[in-house]
Amino acid sequence: MPQLFPPEASSFAGHVDALYIFLILVTAFFSLLIGTLVVVFAIKFHRKSPDEVATEVHESGLLEIVWTVIPFGLVLVMFAWGASVYFRLSRPPANALDIYVTAKQWMWKLQHTDGHREMNELHVPVGVPVRLTMASEDVIHSFYVPAFRFKRDVVPGRFSTAWFEATKPGKYHLFCAEFCGTRHSNMIGWVYVMKPADYQAWLAGGVPGETLAAAGAKRFIEHQCNTCHGDQPGARGPSLNGLFGKQVQLANGRTVLADESYIRESIVNPQAVLTAGYQPIMPTFQGLISEEGLLQLVAYIKSLASAPPAGAAASAAPAPTPERKTIRP
Amino acid sequence: MSTPTATPSQRVDYLNASYGVKSWLLTTDHKRIAILYLIGITFFFAIGGLAAALIRLELLTPAGDVFQAEMYNRIFTTHGVMMVFFFMIPGIPGVLGNFLIPLMIGAKDVAFPRLNLLSWYLFAIGGLTALWAVVHGGVDTGWTFYTPYSTVYANGWVVVTAVGIFISGFSSILTGLNFLVTLHTMRAPGMTWMRLPLFCWGMYATGIIQILGTPVIAITLLLVAAERIFHLGVFDPAQGGDPVLFQHLFWFYSHPAVYIMILPAMAVISELVTAFSRKPIFGYKFIAASSVAIAVLSFLVWGHHMFVSGQSVYAGLVFSILSFMVAIPSAIKVFNWTATLYKGSVSYQTPLLYALGFIGLFTFGGLTGLMLATLGLDVHVHDTYFIVAHFHYIMVGGTIMAYLGGLHYWWPKISGKLYPEYWSRVSAWVIFIGFNLTFFPQFIVGYLGMPRRYHAYPEEFQVLNVMSTAGASILGIGYVIPLIYFVYSMRYGKDAADNPWGATGLEWQTPSPPPTENFPDTPVVTGRPYDYLTGREEEAVG
């Protein structure tokens, strides 16, 4: 007898399975109800002689109302329950561990902030929320860990963010769930959920490269971002110190939260999110910086969040919480 | 059952009115065009079915050992493209809709007979173009053509395939248009809307979707082709385009298209249940109205394909609740069909076996659809075999069961011959068993996490895949049996009576097979449909 459920290894898994079991019960009830009625009616009212005529049954408005209202009520319950689980999935908690994911045909590259890099393998501690910031170098991929009941498309041209919290140590499948080309079914890997002590040992064991933020700092110089976004007074671009997580007043009158997606947009399509009070002179870096480079720059600018804002800082209003996720239109 | 009323060989009917290939290829008779569609969709079904067999063969073992990955991807694309665009969508409307709508409403033909023939040519040319592309050139995008894979990265003949689908889209639009106009303008005296057979109501609702939805897929595929050739950048993020925009456009048609496939099936079931219960259908108005409600709601649910693509949470909520709403008219139909059996005079003829199979499988498939409308659950099962199982319950367990049921029910009218009762019952059971063995395990393997479109898969999923492949083998046999006996019966079958089932409906008032002009004199309808209790037959007064 094959198993019916994958391992329950995340804080979502129990909720999703409970929802699933409820829906299985509803499905089983109505399938059996209809199936039984159909079979019983077919047998009980089987035509005994070729000329047998049916008995007249008057239509019933009441019956029509009953079998409209009951399913209606039931689907509202399903909707509300399903939506509440979905909300949980879409709100990463404040203390989440950041992991940066780059997807490309046909591999997953997973980077920890301390510089650990992994290919098709991800090590995470148990009991700690993990927040994924994901980018694709080519086509749409989808990060799927069945044991976590969790999946998120990685769409090129934007960051996709998602989170999970593993609850059970073990080794779990990582799949690409969105068809991405010839070797789609090879774009698989493993997620290792480790006890805190084991995780610390793993962190200590590997030889981390430079941290993501440090790599980002190098790129910042390499692409000469510092010529305009240095902290000198009268600089042509806004200072980035203390920017991340703050509200930014844009030239077009909108106010946006300076999150990962905002930083990305500012690099690849600067005119769309021009900060109020600055000239539209920044060139686009679309196609000049890889997705991985963008993730590094974001990590670097994020690391400046706690640096003191300089001179004509961009921040206009205090942000509520840095972790609030903006919802893409 | 009954004895033939006349010696058919002496009578001129639409089949023997003229002979020769030209008389068929240039015909404007809706009944002959229906036969042309029957040949066409059977051909494309065979191709799609062969591809399905190859898929199941590959998935028998976890390793990708039968085909190379590239070839496997081309095979499942062939399966999807052929089955969806050239079997499911044109299927019941092309064959049964064409044959029956004029007969059911007492008309001599559809409103635009030449346009009808053009529809078939567009379908055939589109289908053959796409077939040539997927077989000769190879396409590995899946039938969904997601960007930017299809526009930038995929090798193969994406453009030619898109052109094939584009061409056949016009067939779909023209067929829908033809049916709507026919139903509005060609009804016999006395055939009021509330006397219209439910099959016609279902085809009417289908026509609405065909006309309103199909242009969107046509434009979308044209954009994909233009993007591949001219690098427009509409969907390419590297040029500031949005790949998810494609998904919105694609599903704006392709979700309603699901109802282009299932509404005609429901339309057939409404006829079968009442004919074999010899009882007026329960809740006529509710079934008719629910078809139209499904057609309208079908345009408002496309976003449920994008719950994990980064669509806003609030859009997700709206699409989730609207998707649940589609379940209500579907449930109304199921309850009314079931109630129709109550106190009926139920005869276990093959068409009823298919109808009962449909009710069970559609109910189950529809309920699993609720799981996919449930936001939190869809995140897990999206893009897994759970989805594959769900839509095959609707498409194969639903539409194909209904199509076969309808084909058996109207076969005496279409061919003038009876099919062999014994073998037809055997094949109905073989199909039912084979179908469930094929697709039920896919729900389980999907929930376990097996993604769809995987050429190779982890070993723990093998047992369920072996079951699925075993079921598919049985299902394949189940489909071959009717093919054999239908062809056999055309030559060797017993002659059918005009009304072998004792059914109501104008199509049974005319000889089997009908003469080219359908009715010698225009019938006049004086009573309600499915009037099995006060008199066996509707009056046809000339």
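Residues numbered from 1 in each chain as written. Chains lettered and ligands numbered in written order. Predicted model: local features only at pLDDT ≥ 70, side-chain atom pairs only at ≥ 80, totals over all residues.

## Some details on the overall build of chain B
Stage number 1. On a plain count of helices and strands, chain B comes out with 15 helices and 0 strands.
Stage number 2. Relative to its length of 542 residues, chain B is compact, with a C-alpha radius of gyration of 23 Å against a globular reference of 24 Å.
Stage number 3. The long-range share in chain B, meaning contacts at least 24 apart out of those at least 6 apart in sequence, stands at 85%. (Helix = DSSP H or I, 4+ residues; strand = E, 2+ residues; numbered from the N terminus. Rg over C-alpha atoms; globule rule 2.2 N^0.38 Å. Contact = placed C-beta atoms within 7 Å.)

## Details of the overall build of chain A
Stage number 1. On a plain count of helices and strands, chain A comes out with 7 helices and 13 strands.
Stage number 2. The globule rule puts the C-alpha radius of gyration for 329 residues at 20 Å, and the 27 Å found for chain A is more than 25% above it.
Stage number 3. If you line up chain A on its principal axes, its C-alpha atoms span 100 × 50 × 35 Å.
Stage number 4. Buried positions account for 41% of the 329 residues belonging to chain A.
Stage number 5. Counted over contacts in chain A with a minimum sequence separation of 6, partners at least 24 positions apart contribute 72%. (Buried ≥ 20, exposed ≤ 12 C-beta atoms within 10 Å, placed from the backbone.)

## Re the nonpolar core
Stage number 1. Grouped together as the largest cluster of nonpolar side chains are 272 residues, with contacts concentrated most on Val101 of chain A together with Cys200, Ile269 and Phe358 of chain B.
Stage number 2. Take this core: its biggest share by element is 23 residues, from helix H8 (residues 243-277) of chain B.
Stage number 3. Shared between two domains, this core holds at least three residues of each, these being domain 1 (1-46 + 55-209) and domain 2 (212-317) of chain A.
Stage number 4. When neighbours within four sequence positions are excluded, Ile269 of chain B is seen to be in contact with Trp337, Ala355, Phe358 and Ala402 of chain B. (Core = buried A, V, L, I, M, F, W, Y, C linked by C-beta atoms within 7 Å. Domains from an automatic or database assignment.)

## Quick look at unusual backbone geometry
Stage number 1. Trp106 of chain A follows Gln105 of chain A through a cis peptide bond whose omega is -10°.
Stage number 2. Along the polypeptide, Trp106 of chain A turns up in the loop between strand E1 (97-104) and strand E2 (107-112).
Stage number 3. With omega at 0°, the peptide bond leading from Thr147 of chain B into Pro148 of chain B counts as cis.
Stage number 4. For Pro148 of chain B, the location among the structural elements is in the loop between helix H4 (113-137) and helix H5 (149-153).
Stage number 5. One non-glycine residue, Arg149 of chain A, adopts positive backbone phi at about 55°.
Stage number 6. Relative to the assigned elements, Arg149 of chain A resides in the loop between strand E6 (141-145) and strand E7 (150-154).
Stage number 7. Of note, the phi angle at Arg453 of chain B is positive, near 60°, even though the residue is not glycine.

## Looking at the pairing of E6 of chain A
All names here are of chain A.
Stage number 1. With 5 of its 5 residues buried, E6 lies for the most part within the structure.
Stage number 2. By the alternation rule, side chains of E6 split into His141, Phe143 and Val145 and Ser142 and Tyr144, which are all buried.
Stage number 3. For E6 and E7, the ladder comprises 5 bridges, and the chain directions are antiparallel. Looking at the pairing, His141 lines up with Val154 of E7.
Stage number 4. Linking E6 to E7, which pair antiparallel, is a turn of 4 residues; within it Arg149 sits at a positive phi near 55°. (Pairing = 2+ DSSP bridges.)

## Some details on the interface of chain A and chain B
Stage number 1. Listed by partner, the interface residues are 77 residues for chain A and 77 residues for chain B.
Stage number 2. Classifying every residue of the side of chain A that touches chain B by side-chain character gives 43 nonpolar, 20 polar and 14 charged. (Nonpolar A, V, L, I, M, F, W, Y, C, P; charged D, E, K, R; others polar.)

## A few points about the domain arrangement of chain A
All names here are of chain A.
Stage number 1. You can read the domains of chain A as domain 1 (1-46 + 55-209) and domain 2 (212-317).
Stage number 2. The gap between the C-alpha centroids of domain 1 and domain 2 is 34 Å.
Stage number 3. At the junction of the two partners, domain 1 supplies 12 residues and domain 2 supplies 10 residues.
Stage number 4. Listed by contribution, the elements that provide at least two residues to the side of domain 1 that touches domain 2 are E1 and strand E5 (129-136).
Stage number 5. A class-by-class count of the residues in the side of domain 1 that touches domain 2 yields 3 nonpolar, 7 polar and 2 charged.

## Brief notes about helix H3 (residues 69-105) of chain B
Residue and element names in this part refer to chain B.
Stage number 1. With 37 residues, H3 extends 51 Å between its outermost C-alpha atoms, agreeing within 8% with the 54 Å of an ideal straight helix rising 1.5 Å per residue.
Stage number 2. Roughly 55° is the biggest bend found in H3, and it falls at Gly91, with proline Pro93 one to four residues downstream.
Stage number 3. The element H3 is largely enclosed, with a buried count of 34 among its 37 residues.
Stage number 4. Where H3 ends, the next residue or the one after it, Gly106, has phi of about 75°, a positive value. (Expected span 1.5 Å × (residues − 1). Bend = angle between axes of the 7 residues up to and from the residue.)

## Looking at the sheet that holds E6 of chain A
Residue and element names in this part refer to chain A.
Stage number 1. The strand order across the open sheet built from 5 strands is E4-E10-E9-E6-E7, with neighbouring strands paired in mixed fashion. This sheet does not close on itself; its edge strands, each paired only once, are strand E4 (121-125) and E7. For this sheet the average axis-to-axis angle between neighbouring strands, irrespective of direction, equals 20°.
Stage number 2. The sheet contacts of helix H3 (residues 196-205) involve E4 and strand E10 (189-194), and relative to E4 the element is tilted by about 130°. (Axes fitted to C-alpha atoms, helices over the stretch in contact; angles between N-to-C directions.)

## Notes on the confidence of the model for chain A
Stage number 1. Model confidence for chain A is summarised by a mean pLDDT of 87, while 93% of its residues fall at 70 or above.
Stage number 2. Every residue in residues 311-329 of chain A scores below 50 in pLDDT, and together they form 42 contacts with partners more than four places removed in sequence or on other chains. (pLDDT = per-residue confidence, 0-100.)

## Here's the deal with the packing of helix H7 (residues 198-230) of chain B against H8 of chain B
Each packed pair of helices is defined by two parameters, the angle between the axes and the distance between the axes.
All names here are of chain B.
Stage number 1. Where H7 meets H8, the axes come as close as 8 Å, and the angle between the chain directions of the two elements is 165°. With respect to H8, the element H7 is oriented roughly antiparallel. Taken as a pair, H7 and H8 cross one another with a handedness that is left-handed.
Stage number 2. Class assignment for the residues of the contact of H7 with H8 results in 22 nonpolar, 8 polar and 1 charged. (Parallel < 35°, antiparallel > 145°, perpendicular 65-115°, else oblique. Left-handed = near helix turned anticlockwise from the far one by under 90°.)

## Some points on the packing of helix H2 (residues 30-58) of chain B against helix H15 (residues 462-492) of chain B
Residues and elements named next belong to chain B.
Stage number 1. Put simply, H2 and H15 touch, their axes get as near as 9 Å, and they point 155° apart. Compared by their axis directions, H2 and H15 come out roughly antiparallel. Taken as a pair, H2 and H15 cross one another with a handedness that is left-handed. Contacts between H2 and H15 involve Gly49, Ala52, Ala53 and Arg56 from the first element and Ser468, Thr469, Ala472, Gly476 and Tyr479 from the second.

## Some words on the pairing of strand E8 (residues 160-165) of chain A
Residues and elements named next belong to chain A.
Stage number 1. Among the 6 residues in E8, 6 count as buried, and that is most of the element.
Stage number 2. Examined bridge by bridge, E5 and E8 share 6 bridges and lie antiparallel to one another. Paired with Pro129 across the two strands is Glu165, which belongs to E8.

## Looking at the confidence of the model for chain B
Residues and elements named next belong to chain B.
Stage number 1. Of the residues in chain B, 97% reach a pLDDT of 70 or more, and the chain-wide mean stands at 93.
Stage number 2. Residue range residues 536-542 is modelled with pLDDT below 50. Its contacts to residues more than four positions away, or to other chains, number 13 contacts.
Stage number 3. Interface predicted TM-score (ipTM) for the complex: 0.91; the corresponding pTM is 0.91.

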